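Take a look at the letters that make up each chain.
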Amino acid sequence: MTKTTSKKLKIAFQGEPGANSHIAIVEAYPDAEPLPCPTFEDALAAITSGEASLGMIPIENSVAGRVADIHHLLPASGLFIVGEWFLPIRHQLMAPRGARLADIKTVESHVHALGQCRRAIRKLGLKPIVAADTAGSARDIAERGDKSTAAIASRLAADIYGLDILAEDVEDETHNTTRFVVLAREAEWAKQGSGPLVTTFVFRVRNLPAALYKALGGFATNSVNMTKLESYMVDGNFFATQFYADVDGHPDDRGLVFALEELKFFSREFRIVGVYPGHPFRATFSEKQE
């Protein structure tokens, strides 16, 4: 991912200061100014309006799966993916200063964070309470000062809101990782041959028998690796399905040219959402050979 240092970027994210999206911005763009937004819609609107130059938006997690809202919002937003970032998620159990672990009765956090820490919550005998987001729960318990209530959030959130970490890295799975996409108003395709690239696109197939099978056949025959394919309904219509896909390579690569030609022949709609460098974390995706 290209990092801009000549001008301080303002990068929108959903959540409050200390959220994992905030951490991803700090890691990927250390000189940027993070812009917290209450909802994903607000974050995308900040990019569209020019209030923010970019957005750091989570799209999927290795434990919780896809972030469903984004697959609906991104195609309709008219924004483009210009980069990606993978962030290992480390959850901390935190409480107001001076609290003791033995005194904690309840724990608050985003529903996904609570789900990703089930074993630790059960082991400690805590009652989970769903909150809007991780960093927001940290802020709330700091404001209330109740030493019987904890939050699950990031180490950055504990620092920001002045909380004590009572138990470190309480996530159930060590591989817990979130993939973020970096969004911009204008398309900015990575240069062909500049390294491992990802092309993301959305499409809707024509109303023909086996249309999806035929549309995707070109990727197999042209040896194009498809790393992601997801479907979702459009406008609540059971018969209007849109697909979101990631493939390795650049649209001008010979194999991908042929594969996309075949896809477009069997599709009624097609749009490339982004062509961007693959994050180094992708090197860990390869399956072990038996």
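The rules we used
Numbers given to residues run from 1 along each chain, matching the order in which its sequence is written. Only residues with pLDDT of at least 70 are given local features in this predicted model, and only at 80 or more are side-chain atom pairs given and counted; all residues enter the totals for whole chains, interfaces and linings. Derived side-chain values reflect all non-hydrogen atoms in the structure, with water molecules and hydrogen atoms excluded from consideration. By the criteria applied, helices consist of DSSP H or I runs no shorter than four residues and strands consist of E runs no shorter than two, each listed in order from the N terminus. In this description the radius of gyration comes from C-alpha coordinates, and the expected globular size is given by 2.2 Å times residues to the power 0.38. Only protein chains enter the accessibility calculation, which uses a 1.4 Å probe; a residue is then buried when its area is under 20% of its type maximum, exposed when over 50%, and partly exposed in between. In this description, contact between two residues means that some pair of their heavy atoms is separated by no more than 4.5 Å. Values of accessible area rely on a 1.4 Å probe in the Shrake-Rupley scheme; residue burial ignores everything except the protein chains shown. The sign given to each residue is positive for Lys and Arg and negative for Asp and Glu; His and the chain ends receive no count. All charge positions are set by atom: Lys at NZ, Arg at CZ, Asp at CG, Glu at CD. Two strands pair under a simple rule: DSSP has to find at least two bridges between them. Between rings of Phe, Tyr and Trp, where Trp is taken as its six-membered ring, a pair exists when centres lie within 6.5 Å; planes separated by under 30 degrees are stacked, by over 60 edge-to-face, and by other angles tilted. We call a charge positioned over a ring when the NZ of a Lys or the CZ of an Arg lies within 6 Å of the ring centre and within 35 degrees of the ring normal. Here, nonpolar core refers to any group of buried Ala, Val, Leu, Ile, Met, Phe, Trp, Tyr and Cys residues whose side-chain atoms link them within 4.5 Å. Throughout, an axis means a line fitted to C-alpha atoms (over the contacting stretch in the case of helices), and angles, computed between N-to-C directions, take values from 0 to 180 degrees. The salt bridge definition used is simple: a Lys or Arg side-chain nitrogen within 4 Å of an Asp or Glu carboxyl oxygen. Throughout, the arc means that of the directions going from the helix axis to the C-beta atoms.

Caption draft 1: Region of interest: the overall build of the chain. From N to C terminus, the chain includes nine helices and 15 strands. A compact globule built from 290 residues should have a C-alpha radius of gyration of about 19 Å, and the chain, at 21 Å, falls within 12% of that. In terms of overall dimensions, the chain has C-alpha extents of about 65 × 45 × 40 Å along its principal axes. Scored against the burial criterion, the 290 residues of the chain give a buried share of 49%. When contacts within the chain are restricted to residue pairs at least 6 apart in sequence, those whose partners lie at least 24 apart make up 75%. Looking at the chain as shown, the accessible area adds up to about 14,600 Å², and 52% of this sits on carbon and sulfur atoms. If you average the places of the 31 positive and of the 36 negative side-chain charges in the chain, the two averages end up 2 Å apart.

Caption draft 2: Representation of the pairing of strand β12 (residues 197-205) in the model. Within β12, nine of the nine residues are buried, which leaves the element mostly enclosed by the surrounding structure. Burial of the side chains of β12 extends over both faces: L197, T199, F201, F203 and V205 are buried on one face and V198, T200, V202 and R204 on the other. The pairing of β12 with strand β15 (residues 267-277) spans nine bridges and is antiparallel. Bridge pairing in β15 places T199 opposite V275.

Caption draft 3: Expanded view of the packing of aromatic side chains. Tallying each qualifying case throughout the model produces six aromatic pairs. Their ring planes at 20 degrees and their centres at 5.2 Å tell us that F203 and F243 sit as a pair that is stacked. Residue F203 is located in strand β12, and its partner F243 is located in strand β14 (residues 237-248); the two are separated by 40 residues in the primary sequence. For the residue pair F203 and F243, the accessibility class agrees, reading buried in each case. If you follow R206 out to its NZ or CZ, it ends over the ring of F265, 5.8 Å from the centre.

Caption draft 4: Structural detail: the nonpolar core. Of all hydrophobic cores here, the largest spans 24 residues; its most connected members are A12, I57, I70, L74, I81, L183 and Y244. Elements represented by at least two residues in this core include exactly β2 (33-37), α2 (40-49), β3 (54-61), α3 (68-77), β11 (177-184), β12 and β15. Among the nonpolar cores identified, the runner-up in size contains 20 residues, and L9, F13, I23 and W85 belong to it.

Caption draft 5: Representation of the side chain of Q242 in the model. Looking at the element boundaries, Q242 is found in strand β14. Residues in contact with Q242, not counting those within four places in the same chain, are P75, V202, F203, R204, E230, S231, Y232, V234 and E269.

Caption draft 6: Here's a closer look at the side chain of T177. Within the secondary structure layout, T177 lies in strand β11. Among all residues touching T177, those that are not within four sequence positions of it are E60, N61, S62, F86, L87, P88, I89 and F281.

Caption draft 7: Spatial organisation of the sheet that holds strand β8 (residues 127-131). With mixed pairing, the five strands of this open sheet are ordered in space as β8-β7-β9-β6-β10. Across the chains shown, the open sheet's two edge strands, defined by having one partner strand only, are β8 and β10 (163-167). On average, each strand axis in the sheet is tilted by 35 degrees relative to the strand beside it, whichever way the strands run. Two strands pair when backbone bridges link them, and strand β6 (residues 92-96) and strand β9 (residues 149-153) are joined in this way by three bridges, in the antiparallel orientation. In the sheet register, L93 faces β9, and the bridge partner there is I152.

Caption draft 8: Here's a closer look at the environment of A142. Summarising the element assignment, A142 is placed in helix α6 (residues 134-144). When residues no more than four places from it in sequence are discounted, the contact partners of A142 are Y161 and L163.

Caption draft 9: The environment of D253, seen in detail. Of note, D253 is situated in the loop between β14 and α9 (254-265). For the pair D253 and L166, spaced 87 residues apart in sequence, the C-alpha separation works out to 52 Å.

Caption draft 10: Layout of the pattern of salt bridges. One pass over the full model with this rule turns up 16 salt bridges. For E84, the salt bridge goes to R179, with nearest N and O atoms at 2.9 Å. In this pair, E84 sits in strand β5 (residues 80-88) while R179 sits in strand β11, placing the two residues 95 residues apart along the sequence. The exposure class assigned to E84 is buried, which follows from its relative accessible area of 2%. Shared partners join several salt bridges into a network, and the residues in it are E60, R66, E84, R179, K228, E230, D246 and R282.

Caption draft 11: Seen up close, helix α8 (residues 211-221). Of all the residues in α8, the buried ones are A211, A215, G218 and F219. Each buried residue of α8 lies within a common arc of 105 degrees when the element is viewed along its axis, so the set occupies one face. α8 presents Y213, A220 and T221 as exposed residues on the side facing more than 90 degrees away from its buried surface. Positioned one or two residues after α8, S223 has a phi angle of 55 degrees, which is positive.

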